[in-house]
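# Chains, contacts and geometry: an overview
Next come the chains, spelled out residue by residue.
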Amino acid sequence: MVTADKGIDPAAALGYAQSYGRLATSDATLAYARGAAGEPMSELRAHVRSETSPDSPMIAVTGTSSDPDRAADIANAVTEAVAAGAGHVAEETGVQLIELSHAVAPAEPVSPSAALGTAVGASAGGLVGGLVLLVRPRPGRRGVTAPVPGPAQGGGAAHTGERELVA
């Protein structure tokens, strides 16, 4: 979270949060974090993302990995790197970056399993295919003729007639 020092416009914290959020995945930050994360920069870049809120000066850093402890380590390493970088320029900017919490390893995967993804995709495909079958034109209905009554004639006797309508 970014906080403004006394005498600094609080709106500045929001602007700096947006900037620090973008810097979290920059080359300089990832180069600093790679030692603590224990991964090369290219791998680290593929396993980290940051998000900011347009309404509050908060930054969320997320690490991804098949190993839950590794994901937390990645997020913590990048967060530490952003905080260190912000600390170096805090006097000039007038804002402080405060770490509210450390990332913890999730108890279970946050991404759906491959089997679940396949089942959902197959269900959606079956539903769309069924809808297409329901709304498609039927070939046997073209050129069907239907009797249509003719116009009524004036006068005493009523006449009936048939006309063909070709669709």
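Look above for the structure.
In this text the structure is predicted, and so the values were computed from the model without any measurement.

### Thoughts on the packing of aromatic side chains
Considering all chains together, one arrives at one aromatic pair under this definition. A centroid spacing of 6.1 Å and a plane angle of 35° characterise the contact between Y16 and Y20, whose relative ring orientation is tilted. Separated by four residues within a single helix, Y16 and Y20 lie in helix α1 (residues 10–23), roughly one turn from each other. Under the relative-accessibility criterion, Y16 is labelled partly exposed at 29%. You can call Y20 buried: its relative accessible area is 8%.

### Some points on the nonpolar core
Counting 20 residues, the largest nonpolar core has V2, Y20, L30, A33, L44, V48 and V78 as its most contacted members. Every element with two or more residues in this core is listed here: α1, α2 (27–37), α3 (41–46) and α4 (68–88). Looking at this core, the element that brings in the most residues is α4, giving seven residues. Every residue in contact with L44, bar those within four places of it in the chain, is listed here: L30, A33, R34, A37, E39 and I74.

### A word on the pattern of salt bridges
The tally for this structure, following the rule as stated, stands at four salt bridges. Ionic pairing is found between R45 and D27, a salt bridge with its closest N-O pair at 2.0 Å. Of the two residues, R45 is situated in helix α3 and D27 in helix α2; the sequence distance between them amounts to 18 residues. Note on R45: relative accessible area 37%, which makes it partly exposed. Judged by relative accessible area, D27 falls into the partly exposed class, the value being 47%. Across the pair R49 and E51 runs a salt bridge whose closest N-O atoms are separated by 3.2 Å. By relative accessible area, E51 is classed as partly exposed at 41%.

### Observations concerning the pairing of strand β2 (residues 48–52)
Of the strand pairs in this sheet, β2 and strand β3 (residues 59–63) are connected by five bridges, and their pairing is antiparallel. When the sheet's bridge partners are listed, R49 is paired in β3 with T62.

### Some remarks on α2
Considered for burial, the residues of α2 that qualify are T29, L30, A33 and A37. Buried residues of α2 fall within an arc of 85° about the axis and therefore sit on the same side. Exposed and facing more than 90 degrees away from the buried side of α2 are A28, Y32 and G35. Residue G38 follows α2 closely and has a positive phi angle near 75°.

Parameters at a glance
- Residues numbered from 1 in each chain as written.
- Predicted model: local features only at pLDDT ≥ 70, side-chain atom pairs only at ≥ 80, totals over all residues.
- Heavy atoms only, no water.
- Phe/Tyr/Trp six-rings, centres within 6.5 Å; stacked < 30°, edge-to-face > 60°.
- Helix = DSSP H or I, 4+ residues; strand = E, 2+ residues; numbered from the N terminus.
- Buried < 20%, exposed > 50% of the residue type's maximum accessible area, 1.4 Å probe, protein only.
- Core = buried A, V, L, I, M, F, W, Y, C linked by side-chain atoms within 4.5 Å.
- Contact = heavy atoms within 4.5 Å.
- Salt bridge = Lys/Arg side-chain N within 4 Å of Asp/Glu carboxyl O.
- Pairing = 2+ DSSP bridges.
- Arc of directions from axis to C-beta.

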